[in-house]
Each structure stands twice: as structure tokens, then as C-alpha cells.
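A closer look at the structure
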Amino acid sequence: MITLREDYQAPGFWIDSVDLVFDLEPAKTRVLNTMQIRRNPDAAPQALKLDGEELNLSRVLINGQGTSFKMDGDQLVLENLTEGNEPFRLEIFTTCNPSKNTQLTGLYVSQDSFFTQCEAQGFRRISYFLDRPDVMSLYTVTLRASKTDYPVLLSNGNLVEQGDLEDGRHFAKWADPHHKPSYLFALVAGKLVCREQRITARNGKEHLLQIYVRSGDLDKTDHAMQSLMASIAWDEARFGLSLDLERFMVVATSDFNMGAMENKGLNIFNTKYVLASPSTATDQDYANIESVIGHEYFHNWTGNRITCRDWFQLSLKEGLTVFRDQEFSQDLSGSASARAVKRIEDVRLLQTVQFAEDAGPMAHPVRPDSYMEINNFYTVTIYEKGAEIVRMMQTLVGREGFAMGMKLYFQRHDGQAVTCDDFVQAIADANPTTELYKQLDVFKRWYSQAGTPRVDVQLEHNTANQHLSLHFKQTCQPDPGQLIKQPFLIPVRLGLLNQAGEVVLPDQLMVLNQTSQTLTIEGISEPVIPSLLRGFSAPVQLQFDDSESRLLVLLAHDTDPFNRWDSAQRLFMTAALQALSRQEHAEKLLSPGLIEGLRQLLRHPDLDAAFKELVLTPPSENYIAEQADSVDPQHIHQVRERMRQQIALALYEDWAWAYAHHRVKGEYASDAVSSGKRALQGLALNYLCLAGHIAHDEQWPQQALLAFKQAGNMTERMHALQALVAINHELAANALALFYQQFHREDLVLDKWFAVQASASERDGHVLTRVRQLMQHPDFQIRNPNRARSLIASYCNNPAAFHRTDASGYVFWSERVLELDAFNPQVAARLARAMDRWRKLVEPYHSAAHEAIRRVAAKEYLSADVREVIDSALED
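No experiment lies behind these values; they were computed from the predicted model shown. (Residues numbered from 1 in each chain as written. Predicted model: local features only at pLDDT ≥ 70, side-chain atom pairs only at ≥ 80, totals over all residues. Heavy atoms only, no water.)

Focus: the overall build of the chain
The following threshold applies: Helix numbering and strand numbering both begin at the N terminus, where a helix is a DSSP run of H or I of at least 4 residues and a strand a DSSP run of E of at least 2. For this measure, only C-alpha atoms enter the radius of gyration; the expected value for a globule follows 2.2 Å times N^0.38, where N is the number of residues. Reported accessibility uses the Shrake-Rupley method at a 1.4 Å probe radius. Residues are deemed covered only where the shown protein chains occlude them. In summary, the charge assignment counts Lys and Arg as positive and Asp and Glu as negative, without counting His or the chain termini. For charged residues, the charge sits on one atom: NZ in Lys, CZ in Arg, CG in Asp, CD in Glu.
Assigned secondary structure in the chain consists of 29 helices and 31 strands. Relative to a compact globule of 876 residues, whose C-alpha radius of gyration would be 29 Å, the chain shows 28 Å and is just as compact. Dimensions along the principal axes, computed over C-alpha positions, put the chain at roughly 85 × 65 × 60 Å. Split by element, the accessible area of the chain, about 34,100 Å² in all, is 46% carbon and sulfur. In the chain, the 87 positive side-chain charges and the 112 negative ones have mean positions that sit 2 Å from each other.

The structure is reproduced here in C-alpha cells:
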């Protein structure tokens, strides 16, 4: 069934309060749901229709008396309700079987503990309810369970009562003082241990912070607690937003479909984003934990206190909160260069994944107009592109102006369920002299139009009269839902350099709002090089003079770090596309000028090591494929490998220098400087092993194995292991065996062990053979989302191994999608999207991919999640 945004109607009833009583048993949990309900006086008279799914209904009472009802599919319908606006008490008693809930939505059991996941529509699997985000209620929750089996009983809000019951049972009663929609409900019950920290907020109030994990994992929670405290302090300092509960709890579980969930006061996390120690987590893991902890905490205001009116407004909370967590991580990084590195990492994800989504069959506006299954719209478009839209608002109104807009947003809408338009209006109204306010309707097109705009720029310069013009033209490709795209409001930050790399014109802001516009600058007497879209000021594809001479000047001298990085990426891309268009296989694809430019940057004494690592890493195979008109995955793999080989050999001495001079001594720290040094040293080791492999020199593979054995932290150990696996060296098997022996009891580390093998360089089909073998490994559990993603998704995102001429990779994909869909549609649908861009493939891949997709589509009973993805892929 298709749901349309234009069909939105306010609910016919409001649920003012909810009193839930749970008797928790794995096979039969009893739920008593008592609601105070009243009609919505602004809505037409209608029956009360409550959503439910896989529930056993035992009793329905209104004001304590039995009442008639009927079932309409999964909905419980009550038609003969009292007229008028008098509230009434509705009591519903149901049972469910959490132990059989393999979808991991609603109430489920994981490792003998109870957890919930209610976003987007999971609460209906717990009790019959108006399961929609614009129905906000006050919740009181009583949990009853065996004290021996479930000593910890948690729910949203504040603990108001607890005690013992008969027969070895006990109870805990929780009350949330804030109205919330049902998707923010949560409960946890099990054998858990807790790290606690008491803090005092700026307003003088004390709060209790708690992180719950399984016994044996408590020593891995310090970084998560530090990140939580930093998040609270940052939100107070940046936006004046304080914690509004007596306590704030985080609970970690390994069986979780997503990264984390912002349930009010009781965040439930994937263990991947909570647990970390130097011996088990990489620098990237530490950074991800900081980011995700921040993201979920920031939802306390942007998502919980103000939520979305309907699921089409999902980016209202997600795009805004991604922007906030990006700003948080940048602010915590400690330096301008580290901020730039974080910005580049965010943009790289957007360009590689979101731009592809914009061009694929699942393309949708940031505020979609329709959906079949809302779970499919937790996408990089909603999150990352949504964050870029918020960032453009800040660019247009300034940092202080954006803070004023946020303040007005909360003054107007605290405690409400609102729309994206409401948010943009508040930011604009707080800044009435800005271009955002003046051209608000144009700016809002970012929410309503799908696709990635393209901005073409031409330079016209008359040095005689010192008159320079930059001609801008914006376009956006039509799609089936929007054949005509109107111009976007696009902020373009720019500057000018001369050919010596000196600044001629400092940072300026040009705002595009028409199909064609011209910026004229007077007094420019010498030839100049424009630096355009600085800081990636808008999520667009920029087309300008990509001549090597211009890009090499920007690479060497631009004061904008993003454009410095982007210049190298453009030079790599030009070389790759030229090689793909030729039939011959030249050994050297990169020009001497680029090689020398990379050498100078690598040796530069003042540049951040993390920045160097980003610049010296060529674009991924997937990103190269997106820029190509047609895609031969094996050819792309060969071209990128030849680029890497040339970089490895031409800069051999420089890589040896980088490896030797970027060792981090002393106790492990996850700060930006130390992490950057380890990143560059890891890249150096990778290139050195590649050079050794080409020259049949065992020095660096032996050094990698030694580094693997002597590593003092997981980052260095993984760098060494990946360097060996990347060249298929015989020492890799030894390292993998040692890795498993040491870490086979650490679930998250074991996920890395599976993933590194599934991501290995292709050699005569050995990767798929190994993946099939690993699926039979006693530690592989396909029902655990982390483990399934570590092996199956890693393989399907390994282009050279996945796209095979014998179609075996596609057969494997279709088998796994169908297998996963039988018990976890959300995970299956994510895997199904590995085929989004199959239409760009050349033969024989194109026909083979088409056949594999049709094989999945032919399955009679597909979930709505997978059906939507597959049908979209097959649409002409």
C-alpha cells in the first residue's frame, strides 16, 4: 500500500495519557494498556482505529465496561463511541511472544534480555495504539518480572517506585514527565551492569548518567560516558539546551537493526557504538561512538521535545540532528585543520553514497511525497543531505543567526509535532534581512525536489580592463516523479588565487537562485584561478575547468582545505576516466605533475597527517563508477589498482619516511592528532606492502606481520592486517589465524575479522569462496545484524569480488536477500539496495544482475521492505 504525504489528516482522537503494565515472560508477555482518550474537536467524527501487529487480544473495556469492536486487517476498530469531547478510558489487554520476534522491532528478546525498538512503527507490535508521531502522550510504565532473571527493569523518564513481589518477582514503575509519541517508548529488562556518573548542569541541577551493558563489557564504556558528558556540555554551550530529566540512560545490545535509538531518556544502542577499548576498537570506532552518542543525545531536543508531524517530515529531526552531531564532532576536534578533516569525511560519504542514491531507483526528495514502507526511508538523503540543507541555512544566516533561529524554533514549537516548513520558517523569521528570509520559497525546493543539482561555471576575464566574470548555470536531471526541476537556492563560497597560489580575492559568498547568473568582479589585473564551492557550501556537482595546471595550484596553495582535497580527487578522477575510455592499459596513469604535487603535500611540514591521508587516497571504485557513463566493475578495479601501484612505487621513499616519522608513542589516545598520525602511517604501510608485492620484496610484508604482532592498539593491528590482506600475501593467513585466536570471544572484533576477509582484493573468485566458507563458521550468526552485515554486506560492497562474469556474486546476493527477508525484512532491504545501480553495468553484468533481481521479485511472499526496493529497481 502506498502512503501519500498529500493525504495527511490530523488524528481523530488524542491520547492524553498511557498507563502500561508489563508482565514480562519471553514466550508470553502480558500487556495492560490503559489510555485516557478524547476526540480531536478539529477532526470530523470517525471511528477509533488502533494499529496492531502480531498481538493476541484478550480484553477491550471502555470506562471499565465491555464494548463492541471489530478487526479490520491489523487494526482494532471501535465505532460506537460516545459523542462529544468528553474523555474516556480505554483499556486493552494483549499478549505477545517476544522470543519469536526475529524482526527486532517492537518488544523482543536478545541474549535472555528484553529490548524494544519502536521507530518507526514498532509500538503496534506491543499494544494496539494510534501508532503515529503526531499523537503525543504522557506515559507511566510498570514492569514486572523475575528478579533473578531480570534484575534490571528500565523504561523512559524517572524511576518513581520499585520493590519486590511474590514468587521471586519484582517491579519498577517509571514516569516520563514529557509528552512523547509512541515511537519513543522503550523498555529494557535483563542482567546488566552499569557505569554511573553524576553531573551538575549549568543551571545547577544534578543529573544521573547511566550506561548499561552486559557483564564483562563495563571496562569498555568509559569513552561512551565521556562522549555523553561532552554532548550535554556542548548542547548547553552552543544552543542553551539542557538535559530535562533526572537521569539519562544508555543501554547496549548486540541485536539491533540500526545504530542507536533516541527513546526519551532511555537510549538503546547497538554495542558497536558504545563499547571501546584500545585493544578492541579502532580510531574510527572511537570517532563513531562520539558521533552517535552525540546524535542520540541531541535528539532529546531535536526529535523528542519537538518531533515530526508525520514520517514524511523525518528529516526534520534526522537532518537537523546529523548537522548537530557533525558540528559537535568538529568543535571537539580541537583545531581548524581537524575540523576540515571531519568536514571532508562527511562530504566524501555524501558524494559517494548519497549522490548515487539521488541518481538511482530509490531517489526521493529530502521530504518524500510517498512511500510503501517507511523503514526504507532511513536513508543518506534524509540524514546526510538533510544535514547539508541545514548547513546551508547556517551559511546563509551565519552561526549566530542560526542559533537565534533555533531559539525561536523551540519557543514556537516545544512539545509539538511539526513539519520541515515550520523549522525553516523559524530560522528565516529570526533572520529577516538575510537571503534565506527573502527567498524562502526558493530555498524550500531543497526539501521538495529530488536529485543532485549540477552547477556549471565558465570564466571570462579581460585583463586589459581588469573585468572578470564568472557565469553560473544550474541544472537538475528530471526523474519520473518530477519532470521539471525549478532552480535551487545555492550558496557558493569562492575565492581567487593567482598562478603563484597567492590570494587575490578572499572568501566571498555568491547565492544562486536562477538557472543562469553572472558574478562580476572588477580590478582583477592578473590571470587568476577560481576556488569554487569552498567548504562544500552546497550539495551540488560542480563542473569547471579541470585542467591539471589549475588543479595543481589549488592542491599546493588553496587556503580552503576542502578544495585542496577536492583538487586531488578531481585529478585522480580525470586520470581514471581517461584510462577507462581507452582500451590500452598504460602502466602510468598519473602525470608527473600530480605525483610531484602529492609528494610535496606528503612531505609538507605544516599539514595535518589526517588531511594528508585523505588527499593521498584515490576515489573509491564505487565513486569512480558513478562518474562513468557505463560501468565495467573489473576494468574500474584494474584502473584504480594501477593508480595505487603508481603512487606506491613513485613515492616509495616518501612512504618509508611517512611510516617511520608518524609513529605514535606512549599510551593510546583517540585525539585527532594521534588518530591522524596512525591513519597516515597505516596508509604508508599499505602502499609499502603494495610496492613490495610488485617488486617481489618481502621486507614490508614481513614488517607488516611484525607490526601486527606488536601492535599496542586495534587501529595499528587492523592497518597491518589490511595491508597483508590487500595484496593477498601468504602471511595474511597467519595473521588472520592469530587474530581469531586472540579475539574470538570479542563479538565486535570478530565482526572485523569477518569483514576484512569479505573485503579482500579479488583473485580468481577466492573471495566469494571464502565468504561461503565463513557462512558455515560456528561464529557466524546470520540472525545477528552486525554479524550479517560484517560478512554479507561487506562482500556485496566489494565491487571487484561481487561483480563477476559468471554471475556467482549476484546469485549469492539473491539467496541472502531472500534468506534474510524471511526473518528480518529491514536488514534484507538494506542488502537489496546493493543492486540499485545495476542499469549502468555493461554486459555480461547487466543481464546477470537483471536476472538476479527478477529472481528475488518472483518470490511470492516478499516483505513490503524488500518489495519496494526490488520493484523500484525493475521500474523503467
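Next comes the rest of the description.
Re the sheet that holds strand 18 (residues 206–213)
Operational definition: Here a strand pair is declared whenever DSSP counts at least two bridges between the two strands.
Across the sheet, 5 strands lie side by side as 17-18-19-21-20; this open sheet has mixed pairing. Single-partner strands in this sheet number two, and they are strand 17 (193–200) and strand 20 (260–261). As judged from the 8 bridges shared by strand 17 and strand 18, these two strands associate in the antiparallel manner. Looking at the pairing, Glu196 lines up with Gln210 of strand 18.

Quick word on unusual backbone geometry
With omega at 5°, the peptide bond leading from Glu119 into Ala120 counts as cis. Locating Ala120 in the fold gives a position in the loop between strand 11 (113–117) and strand 12 (138–146). Here Glu843 and Pro844 are connected by a cis peptide whose omega angle stands at 5°. You can see Pro844 is positioned in the loop between helix 27 (825–832) and helix 28 (845–857). The backbone of Gln111 sits at a positive phi, close to 50°, despite the residue not being glycine. In this structure, Gln111 sits in the loop between strand 10 (106–110) and strand 11. Phi is positive for Phe536, which is not a glycine, with a value near 50°. Its place among the elements puts Phe536 in the loop between strand 30 (528–532) and strand 31 (541–543).

With respect to the environment of Ile647
The cut-off we apply is this: The contact definition used throughout considers only heavy atoms, calling two residues in contact when any of these lie within 4.5 Å.
Mapped onto the elements, Ile647 comes out in helix 16 (residues 633–650). Between the C-alpha atoms of Ile647 and Thr518, which are 129 residues apart in sequence, the distance is 40 Å. For Ile647, the residues in contact, after removing those within four places along its chain, are Phe572, Leu590, Leu598, Pro618, Trp655 and Tyr687.

A look at the packing of helix 23 (residues 766–775) against helix 26 (residues 808–821)
The axes of two packed helices give the description: the angle between them and the distance between them. Which entries qualify depends on this criterion: Between the N-to-C directions of two axes lies an angle of 0 to 180 degrees, each axis being a line fitted to C-alpha atoms and, for a helix, fitted only over the stretch in contact. When describing relative orientation, an angle under 35 degrees is termed roughly parallel and one over 145 degrees roughly antiparallel, while 65 to 115 degrees is termed roughly perpendicular and anything else oblique. In this scheme, a crossing is called left-handed if the near helix is turned counterclockwise away from the far one by less than a right angle; it is called right-handed if the turn is clockwise. By the convention adopted, Pro, Cys, Tyr, Trp, Phe, Met, Ile, Leu, Val and Ala count as nonpolar, Lys, Arg, Asp and Glu as charged, and the other residues, Gly among them, as polar.
Contact pair helix 23 / helix 26: the axes reach a minimum separation of 11 Å and the direction vectors enclose 25°. Put simply, helix 23 runs roughly parallel to helix 26. Here helix 23 and helix 26 pass one another in a crossing that is left-handed. Contact with helix 23, carried on its side by Leu768, Val771, Arg772 and Met775, involves Ser808, Gly809, Phe812, Glu815, Arg816 and Glu819 of helix 26 and no other residues of that element. Considering only residue class, the contact of helix 23 with helix 26 consists of 4 nonpolar, 2 polar and 4 charged.

Focus: the pairing of strand 12
The pairing of strand 2 (residues 13–23) with strand 12 spans 7 bridges and is parallel. Pairing of Val21 across the sheet is with Thr142, part of strand 12. Note that strand 12 and strand 15 (residues 169–175) share 7 bridges and pair antiparallel. Within the sheet, the bridge partner assigned to Thr140 lies in strand 15 and is Ala175.

Details of empty space enclosed by the protein
Empty pockets left among the atoms are what a rolling probe the size of a water molecule brings to light. This is how it is decided: For each structure, a 1 Å grid was placed over the protein atoms alone; sets of points admitting a 1.4 Å probe that cannot get out are labelled cavities, open sets with protein on both sides within 12 Å along at least five of seven lines are labelled pockets, and lining residues have an atom within 4 Å of a point. Grid points are joined across faces, edges and corners, and a volume is the space filled by probe spheres set on the points.
What the rule picks out here adds up to 2 cavities of 30 Å³ or more. As a volume, the largest cavity reaches approximately 60 Å³. Considering the residues around the largest cavity, the lining is formed by Leu532, Leu542, Arg550, Leu551, Leu554, Asn563, Asp566, Ser567 and Arg570. Counting residues per element, the ones that place at least two in the lining of the largest cavity are helix 11 (548–557) and helix 12 (561–581). A total of 4 residues in the lining of the largest cavity trace back to one element, the largest contributor, which is helix 12. In terms of residue class, the lining of the largest cavity is made up of 4 nonpolar, 2 polar and 3 charged. Taken as a whole, the second largest cavity encloses approximately 50 Å³ of empty space.

Things to note about the packing of helix 18 (residues 672–695) against helix 19 (residues 699–710)
With their axes 7 Å apart at the nearest point, helix 18 and helix 19 run at an angle of 140° to one another. Taken together, helix 18 and helix 19 sit at an angle that is classed as oblique. Between helix 18, through Leu685, Leu688 and Cys689, and helix 19, the contact on the second element is made entirely by Trp700, Pro701 and Ala704.

Let's talk about the side chain of Lys342
Along the chain, Lys342 turns up in helix 4 (residues 336–358). The contact partners of Lys342, leaving out residues within four places of it in the chain, are Gln326, Ser329 and Gln330.

Thoughts on the sheet that holds strand 6 (residues 65–66)
Strand order in the open sheet formed by 8 strands is 6-5-9-3-2-12-15-14, and the pairing between neighbours is mixed. Either end of the sheet is taken by a strand with one partner, and the two such strands are strand 6 and strand 14 (158–164). In this sheet, strand 3 (residues 29–39) lies alongside strand 2 in antiparallel orientation, the contact comprising 10 bridges. Across the sheet, residue Val21 finds its bridge partner in strand 3, namely Leu32.

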